[in-house]
Amino acid sequence: MMRHWFFFAIALCFFPIPSVTEGAEKVALLIGNNRYEHGIPLQNAVNDAKAVAARLEAGGWDVTLLEDAGAREMRAGLGAISENGGAAKMVMVFFAGHGIESKGENYLLPVDAELESVYDLDAEAIGLAQVMKALGQSGIPLKTVVLDCCRNNPLPSRSWLRDRGNAGLAEVAKDELPSGSLLIFSAAAGKTAPDGQGENSPFTTAFSSALGEGGSLMKIVTTTTQTLQRDFFVRFDDSSRSLVALNSTVIVPVAGGSGGGSAESAEMAELRRRIAEMEASLAATETQSRTSPGDRVVPDMGDVDGQDVVPTVTKIEGEYGGGREMDGTQAGEVRSFGGIEMVWCPPTGEKGFLMGSPETEELRRNDEVQHLVILTKGFWLAKTECTQGQWESVMGSNPSYHEGSKNLPVENVNWDDVQKWLAAMNARQPLPGGWKWVLPTEAQWEYACRSGTETATAFGDSLSSLQANFAGDSPYGAAKAGPDLGKTVQVASYPGNRWGIHDMHGNVWEWCSDWQGGNYDQDGQRDPRGPARGSVRVYRGGGWLLSGEFCRSADRSGNIPGLQRYGGLGFRPALIAEF
């Protein structure tokens, strides 16, 4: 039940201490401050806190709402979470009001804050560091702080603030966050956010709308970005526990009732046990010679759910020569460019291919409308995900979380990072005839993933973790539960699809070139490239962290191109003719 607390000069002896309901799994503290006694009042902060509170309460959260709260009230609310929230699994603190930065530290202003000088901040305001410390002491595994503040100079009469202007909040380093936490500012670090002319601020309008659609925290962030059409500051602790929770745990049920299995999958991914037999098999594979992916011995997986998981592939090996045509001769042909094995994906012809998923596909999402796409040009796609060795040979360093072999996929790279690698390859390994090193478009990626199939995956309408590296306790379709390795594995450790392309399902998500959105579902598109601009870039394919449903050929996801890095997100390069 939502509890409203109204505080105006209440004596301490009558002060009602906020509490956390015993047994609550999801607890939230929401603060909206409009009526500043010593500064400029705001119009929408209380409305903003109410809007988010309503969304969370509808999603089953135990919500405490503070309106126009003073310093004591704000500290008491944080104290209640810190001392009594240990049984909960998730906590969210949302603050709408005035916030300022001083000497690299961020502060949230209670309505009774009286700041004559910078030295009053620690006594009169609530430091963001205090908030994070309280959450860290709570024992709650998943912690989110959302700050919709820095709307204008709160105290224009104070020269120490007027002279410095209002530069927004200071950036927070990830090592300043307690484990399992996500921090969101409504504007980029050093920037201000508008209060808005309607009932809510632009940020809260977008954020509460995203909560209404439901899903994981990362989905909420992505949807907010798409609605707001601008970037804002997001920082998260990057431990494996956090990555699983942020990307998988459903914090609000998905609108329409779909997606309910994700929360269970996250818990299973968090707790499931390592399968010793599969670990031993992969460890043996890692000791084999890795001179060429095509020479590797893939463990015999046999039949999985009655399906032959090892397709027949026709290959033509050999280094590209200057006088040889760039076009391939047949699907599945393999050539080496710049030391990277690439697979030929031929044009579709006028028959095209069906992109997206039919309405009958299990666990499909609304953004996967099935439609005909025609690709008029063939392209080359890397046989495997870009490896750490391939990345390091170009960039001179390895950003990956999972290390131990040059043949593990590179990860922890955002879209902008990948563009630097591609630019370096185009400079070091130039190609003739207008061909370039690029990321595949979303349509090219799905076409190559399907490799002529129309089922949910390239291996049929089910997927086992014997066929791809994902959270094996949550297989897709009728497949049986399998091993969950809890990490990336060396590329080409699993069978390729019909064209001999490996790991299009699972291991790591793969960036595509497209902005997300636009006319995705328009029938009969020729060589679609997505919208001309946007806030979120697409990635595809699922990964080791998540369940089998995210590995489906049609599944779509994405994030802010200059932001999103984590240990389950990599890429594979493509070669296309730009003429």
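Residues numbered from 1 in each chain as written. Predicted model: local features only at pLDDT ≥ 70, side-chain atom pairs only at ≥ 80, totals over all residues. Heavy atoms only, no water.

Visitor: So what exactly am I meant to see when it comes to the overall build of the chain here?
Guide: The secondary structure content of the chain amounts to 13 helices and 26 strands. A burial count over the chain gives 59% of its 579 residues as buried. In the chain, 72% of the contacts between residues at least 6 apart in sequence involve partners at least 24 apart. For the chain, the accessible area works out to roughly 22,400 Å², and carbon and sulfur atoms hold 50% of it. (Helix = DSSP H or I, 4+ residues; strand = E, 2+ residues; numbered from the N terminus. Buried < 20%, exposed > 50% of the residue type's maximum accessible area, 1.4 Å probe, protein only. Contact = heavy atoms within 4.5 Å. Areas by Shrake-Rupley, 256 points an atom, 1.4 Å probe, with all protein chains shown as cover.)

Visitor: Any chance you could explain the pattern of salt bridges here in plain terms?
Guide: A pair can form between side chains of opposite charge whenever their charged atoms are brought close. Scanning the entire structure with this criterion turns up 19 salt bridges. Measuring nitrogen to oxygen at the nearest pair gives 3.9 Å for the salt bridge that ties Asp-68 to Arg-35. Of this pair, Asp-68 sits in the loop between strand E3 (62-67) and helix H2 (71-84) while Arg-35 sits in the loop between strand E2 (26-32) and helix H1 (45-58), and the two are 33 residues apart along the sequence. Residue classification places Asp-68 among the buried positions, given a relative accessible area of 6%. Taking the relative accessible area as the measure of exposure, Arg-35 reaches 56% and is therefore exposed. Where Arg-556 meets Asp-367, a salt bridge forms, and the shortest distance between an N and an O atom there is 4.0 Å. Of this pair, Arg-556 sits in the loop between strand E23 (537-540) and strand E24 (557-559) while Asp-367 sits in the loop between strand E17 (353-355) and strand E18 (371-374), and the two are 189 residues apart along the sequence. (Salt bridge = Lys/Arg side-chain N within 4 Å of Asp/Glu carboxyl O.)

Visitor: Explain the side chain of Asp-555 here, please?
Guide: As for its placement among the helices and strands, Asp-555 is situated in the loop between E23 and E24. Only 2.7 Å separates the side chain of Asp-555 from the side chain of Arg-365, close enough to count as a polar contact. Beyond its immediate stretch of four places on either side in the chain, Asp-555 contacts Arg-365, Glu-368, Trp-509, Arg-540, Glu-549 and Phe-550. (Polar contact = N/O pair within 3.5 Å; in protein donor to acceptor, adjacent residues only side chain to side chain.)

Visitor: Teacher, can you tell me more about the confidence of the model for the chain here?
Guide: Of the residues in the chain, 78% have a pLDDT of 70 or more, and the chain-wide mean is 80. The spread of mean pLDDT over the elements of the chain runs between strand E1 (residues 3-6), the lowest at 34, and strand E19 (residues 379-382), the highest at 98. Of the regions scoring below 50 in pLDDT, residues 1-17 engages in 38 contacts with residues more than four places distant in sequence or in other chains. Within the model, pLDDT remains below 50 along residues 257-324, and this stretch shows 136 contacts once partners closer than five positions in the same chain are excluded. (pLDDT = per-residue confidence, 0-100.)

Visitor: Before we go on, may I ask you to explain the packing of aromatic side chains in this structure?
Guide: For any two aromatic rings, the description comes down to two numbers: the centre-to-centre distance and the angle of the planes. Enumeration over the complete set of coordinates arrives at 15 aromatic pairs. Note on Phe-185 and Phe-233: the rings are 4.7 Å apart at their centroids and 25 degrees apart in plane angle, and the pair reads as stacked. In this pair, Phe-185 sits in strand E9 (residues 181-185) while Phe-233 sits in the loop between helix H7 (217-228) and strand E11 (234-236), placing the two residues 48 residues apart along the sequence. Each member of the pair, Phe-185 as well as Phe-233, is classed as buried. Every member of this aromatic cluster is reached through a ring pair, and the members are Phe-337, Trp-344, Trp-380 and Trp-435. Stacked on the ring of Trp-515, the Lys or Arg Arg-537 has its end atom at 3.7 Å from the ring centre. The ring of Tyr-520 has Arg-556 lying over it, and the distance from NZ or CZ to the ring centre is 3.6 Å. (Phe/Tyr/Trp six-rings, centres within 6.5 Å; stacked < 30°, edge-to-face > 60°. Lys NZ or Arg CZ within 6 Å of the ring centre and 35° of its normal.)

Visitor: Please clarify how the nonpolar core should be interpreted in this entry.
Guide: Nonpolar side chains in soluble globular proteins tend to be buried together. One finds Leu-30, Leu-56 and Phe-207 to be the most contacted residues of the largest nonpolar core, which totals 74 residues. Among the elements that make up this core, the one with the highest residue count is strand E4 (residues 90-96) (seven residues). If you look at the next biggest cluster of nonpolar residues, it comprises 34 residues, including Val-394, Trp-511, Trp-544 and Phe-571. (Core = buried A, V, L, I, M, F, W, Y, C linked by side-chain atoms within 4.5 Å.)

Visitor: Explain the sheet that holds E23 to me, please; I cannot follow it from the model alone.
Guide: Two strands in a sheet stick together by hydrogen bonds in their backbones, pointing the same way (parallel) or opposite ways (antiparallel). Spatial strand order, E24-E23-E21-E25: four strands in an open sheet with mixed pairing. What marks the edges here is a single partner per strand, and that holds for E24 and strand E25 (569-570). Here E23 runs beside E24; their pairing, made up of three bridges, is antiparallel. Bridging across to E24, Arg-537 finds its partner in Asn-559. (Pairing = 2+ DSSP bridges.)

Visitor: Is there a simple way to think about the environment of Asn-412 in this case?
Guide: Mapped onto the fold, Asn-412 is located in the loop between helix H11 (388-395) and helix H12 (415-428). As for Asn-412 and His-402, which are separated by ten residues in sequence, their C-alpha atoms are 9.2 Å apart.

Visitor: So what exactly am I meant to see when it comes to H2 here?
Guide: Between its first and last C-alpha atoms H2 spans 20 Å; for 14 residues at 1.5 Å apiece the expected length is 20 Å, and the two agree. All of the buried residues along H2 are Ala-71, Glu-73, Met-74, Ala-76, Gly-77, Leu-78, Ala-80, Ile-81 and Ser-82. (Expected span 1.5 Å × (residues − 1).)

Visitor: Which parts of the structure should I look at to understand the packing of H1 against helix H6 (residues 202-213)?
Guide: Relative orientation and spacing of two packed helices are given, respectively, by the angle between their axes and the distance between those axes. Contact geometry of H1 with H6 gives a least axis separation of 9 Å together with a crossing angle of 5 degrees. Between H1 and H6, the interaxial angle falls into the category roughly parallel. Mapping the contact onto sequence places Asp-48, Ala-51, Val-52, Arg-55 and Leu-56 in H1 and Thr-204, Phe-207, Ser-208, Ser-209, Leu-211 and Gly-212 in H6. Of the residues in the contact of H1 with H6, the class split is five nonpolar, four polar and two charged. (Axes fitted to C-alpha atoms, helices over the stretch in contact; angles between N-to-C directions. Parallel < 35°, antiparallel > 145°, perpendicular 65-115°, else oblique. Nonpolar A, V, L, I, M, F, W, Y, C, P; charged D, E, K, R; others polar.)

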